Every structure is written in structure tokens, then in C-alpha cells.
Amino acid sequence: MKTLLCGKNGQISHELQLSLAGQGNELVCLSRTDMDLLEPDSIRSQMRKHAPDLIINAAGHTAVDQAESEPELAMEINGTACGVLAEEAAALGAALIHFSTDYVFDGAKTSPYTEMDVPAPLGAYGNSKLAGEQAIQAVGGQYLILRTSWVYSLHGRNFLLTMQRLLQEREELRVVDDQVGAPTWAGSIAQATSQLIDKWQAGNRNWGIYHLTNQGETSWFGFASAIADQLKAAGKPCARLVPIPSSEYPTPAKRPLNSRLDGRKLAQDWQVSLPDWRTALAECLRQPR
Ligand SMILES: NC(=O)c1ccc[n+]([C@@H]2O[C@H](COP(=O)([O-])OP(=O)(O)OC[C@H]3O[C@@H](n4cnc5c(N)ncnc54)[C@H](OP(=O)(O)O)[C@@H]3O)[C@@H](O)[C@H]2O)c1
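Description of the structure in this document. The shown structure was predicted, so the numbers you read here are calculated from the model rather than taken from an experiment. (Residues numbered from 1 in each chain as written. Predicted model: local features only at pLDDT ≥ 70, side-chain atom pairs only at ≥ 80, totals over all residues.)

### Some words on the sheet that holds strand S3 (residues 54-57)
Sheet strands line up and pair through hydrogen bonds in the backbone, either parallel or antiparallel. Rules: Note on pairing: two strands pair once DSSP finds at least 2 bridges between them. Under the scheme used here, helices are H or I runs from DSSP no shorter than 4 residues and strands are E runs no shorter than 2 residues, and both carry numbers assigned from the N terminus. The convention used is that axes are lines fitted to C-alpha atoms, helices contributing only their stretch in contact, and that angles between N-to-C directions extend from 0 to 180 degrees. Two residues qualify as a contact pair if the distance between their C-beta atoms, derived from the backbone, is within 7 Å.
Pairing is parallel in the open sheet, where 6 strands are placed in the order S2-S1-S3-S4-S5-S10. Looking along the sheet, the strands with just one partner apiece sit at the ends: strand S2 (26-30) and strand S10 (208-211). Taken pair by pair, the neighbouring strands of this sheet meet at an average axis angle of 20 degrees, ignoring direction. When S3 meets strand S4 (residues 95-101), the two strands line up parallel, connected through 4 bridges. The residue bridging Ile-56 from the neighbouring strand is Ile-97, located in S4. Of the strands in this sheet, S3, S4 and strand S5 (143-148) are in contact with helix H4 (residues 71-92), which crosses S4 at around 160 degrees. This element, helix H5 (residues 124-139), spans S4, S5 and S10 of the sheet and lies at about 155 degrees to S4.

Structure, rendered in C-alpha cells:
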């Protein structure tokens, strides 16, 4: 089987390249230089050149605050380009796996969001990601839209790496405590995606939208505290953490207070579930850099 992976240098993509290697897969990885999602012609020509059986789109405009000042750009990359990828996948008879986000919801619900809940994004990033989902759904065919949340790894830019640095540089760190979600290791996403591909190859055809996060829940403050615990256990210097409400940490993009995603549909339809977020964090921290 030939798999084409978009977003070669991203954090989920990095882990996917490890998980998918050695699966008897021919894996073609494309960076922004190889295929710019801002250029539909570039997408079409690369898809036709490689003619994959499976397209995985792990690329995206992921700078949530920046998207507020460049919503058209975010929309082209996260929205329009997904429609082009879906059309090309359908024309090739290929399957498409695409990653989406908890930010399609406004966070007003008091329990975890299911795939049946109606999206209502709070900002430009969430709007553009929802447009991408809708563009893929409009084309139909063989697709999995995997909504995940609070992604981190030992590569790229993410909360884990930022906290590890700031906790060692500062004496005190104020972290938001009223946004709740599931920190999700990119390695867990990649392992689950690899299992989904195996199950598809074995005949599962339950295409659609699914929620895919590490299990359990915490706040950003709770996540930071777990990272701090690891630093302390390693005998490293560590700032004092202070919980604050979102109102004391204003950002250009408004974030959902409730980012919890219910993963039961994925477990039911695909028999795939991710480990608890604390287990995944420990596994991530054991990886070689
Ligand atoms: N990070 C999160 O917390 C989170 C949460 C939920 C869902 N997701 C979704 O998961 C997916 C992957 O996230 P991630 O955190 O792994 O992303 P990431 O580390 O920010 O990587 C995104 C990748 O997209 C590429 N890209 C950006 N603009 C492009 C363009 N115009 N053409 C081609 N490639 C382009 C980037 O290329 P360069 O390396 O050249 O910049 C980068 O390699 C995204 O769809 C994101 O929306 C992420």
C-alpha cells in the first residue's frame, strides 16, 4: 500500500513516520516545499503524481492566535485545501485521514463533546477547521476525520516543551486552570492511526468523524503540574505554579472552556482507544529526543 503523508515536519506527522515505518507501507512524506496547501494546483499535481491508496493530512495552519489576524490564510490551508485533497482522494479511489480539533466547539457544554454535538467555533482557527471537515464530508467517500486536542510531543512547538523551558527559567509561573481537556501525545495519535489503518486493511469501513484523544481530563494548570512533577523527580529546578482563570491570561483567540471529547464512538466502531493522558505523558518523556 502507498501512503502519502502531508505535513512532513509537524509533530503528529513526525510520530506517524515512526509508527507507519515497517508496516509494509510505501510512505511518501511531503513538506510545505513539496506541496503548498495554499496552491490547489500543487495539491492536484502531487496527488496525481504519487497516486496513493491512502492520504493522511497532518498539515495545517495551527497557530491559533495568529489565525485571528490572518483568517483568510487559515481558511485556505485548513478549509479549502481539504476539499481539494478530498476530491483528489475520491478521484483516485484513495482513503483520506484528516486531523481536526476540539476548537470546532464553543466549550459551553458541561460534559464531553460527542460526534453528534453541533460545532460552534469561537474563532478563526476553529472556523477554518470546521470548514475543512465540511469540505471533506461534502465530497464523501472513504474518510476519517479525527478530532483531537491539546497535542504535544518532544518535537515542534507545544505546551510540554514551553512549560519544560519556562518552569526551569522562572521562579513563578501562572497557568490557566479553568479550561479543561485531555492533553494528547502525538505518539498516541500516531499509534491509534496506525491501528485504524490496519483495521481498514482488514475490512473495517466505518468512515466518518471520530474523537481521538488520550483518556482522562485536566486543566492546563493540571498538565503543567504533571510536567513540573517530572522535572522535580529528575532533580531539576522548577518554578512555583499558580492557577489563574482565563480572564487573567488574555489571548487574541478565545479558547473553549470545555475541550473534552468523548472517544466512545471510536472504541465502538473501530475498537481503538488511547491510554490515559498521564500514562501517555510518561511514555512521551521516555522517548529519545
Ligand atoms: N497542535 C494541537 O494542539 C492540535 C490540536 C487538535 C488538532 N490539531 C490538528 O492536528 C493537525 C496536526 O497538528 P500538529 O500539531 O502536528 O501541527 P504542527 O506541528 O503545527 O505542523 C503543521 C504542519 O503543517 C505544515 N503546513 C503549514 N502550512 C502549510 C502549507 N501552506 N502547505 C503545506 N504544509 C503546511 C507545516 O509546515 P512547516 O513545517 O513548513 O511550517 C507543519 O509541518 C492539524 O490539522 C491541527 O489542526 C492539532
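There is more to say after this.
### Concerning unusual backbone geometry
To keep things clear, this is the line we draw: We call a residue exposed when 12 or fewer other C-beta atoms sit within 10 Å of its C-beta, buried when the count reaches 20 or more, and partly exposed for counts in between; the C-beta positions come from the backbone.
Positive phi, normally seen in glycine, also occurs at Ala-51, with a value near 45 degrees. Mapped onto the secondary structure, Ala-51 falls in the loop between helix H2 (40-50) and S3. Take Ala-51: there are 13 C-beta atoms within 10 Å of it, and that puts it in the partly exposed class. A positive phi is found at Trp-150, a non-glycine position, where the angle reads about 45 degrees. Locating Trp-150 in the fold gives a position in the loop between S5 and strand S6 (151-152).

### Digging into the packing of H2 against H4
Spelled out, the test is: For this classification, under 35 degrees means roughly parallel, over 145 means roughly antiparallel, 65 to 115 means roughly perpendicular, and everything else is oblique. The sense of a crossing depends on the near helix, which, turned anticlockwise from the far helix by less than a right angle, makes the crossing left-handed and, turned clockwise, makes it right-handed. In this classification, the charged set is Asp, Glu, Lys and Arg, the nonpolar set is Ala, Val, Leu, Ile, Met, Phe, Trp, Tyr, Cys and Pro, and all remaining amino acids, among them Gly, are polar.
Running from N to C, H2 and H4 point in directions that differ by 25 degrees, and their axes come no closer than 10 Å. Relative to H4, the element H2 is oriented roughly parallel. H2 and H4 meet at a crossing whose hand is right-handed. Mapping the contact onto sequence places Pro-40, Ile-43, Arg-44 and Met-47 in H2 and Ala-81, Val-84, Leu-85, Glu-88 and Leu-92 in H4. Its residues placed into classes, the contact of H2 with H4 shows 7 nonpolar, no polar and 2 charged.

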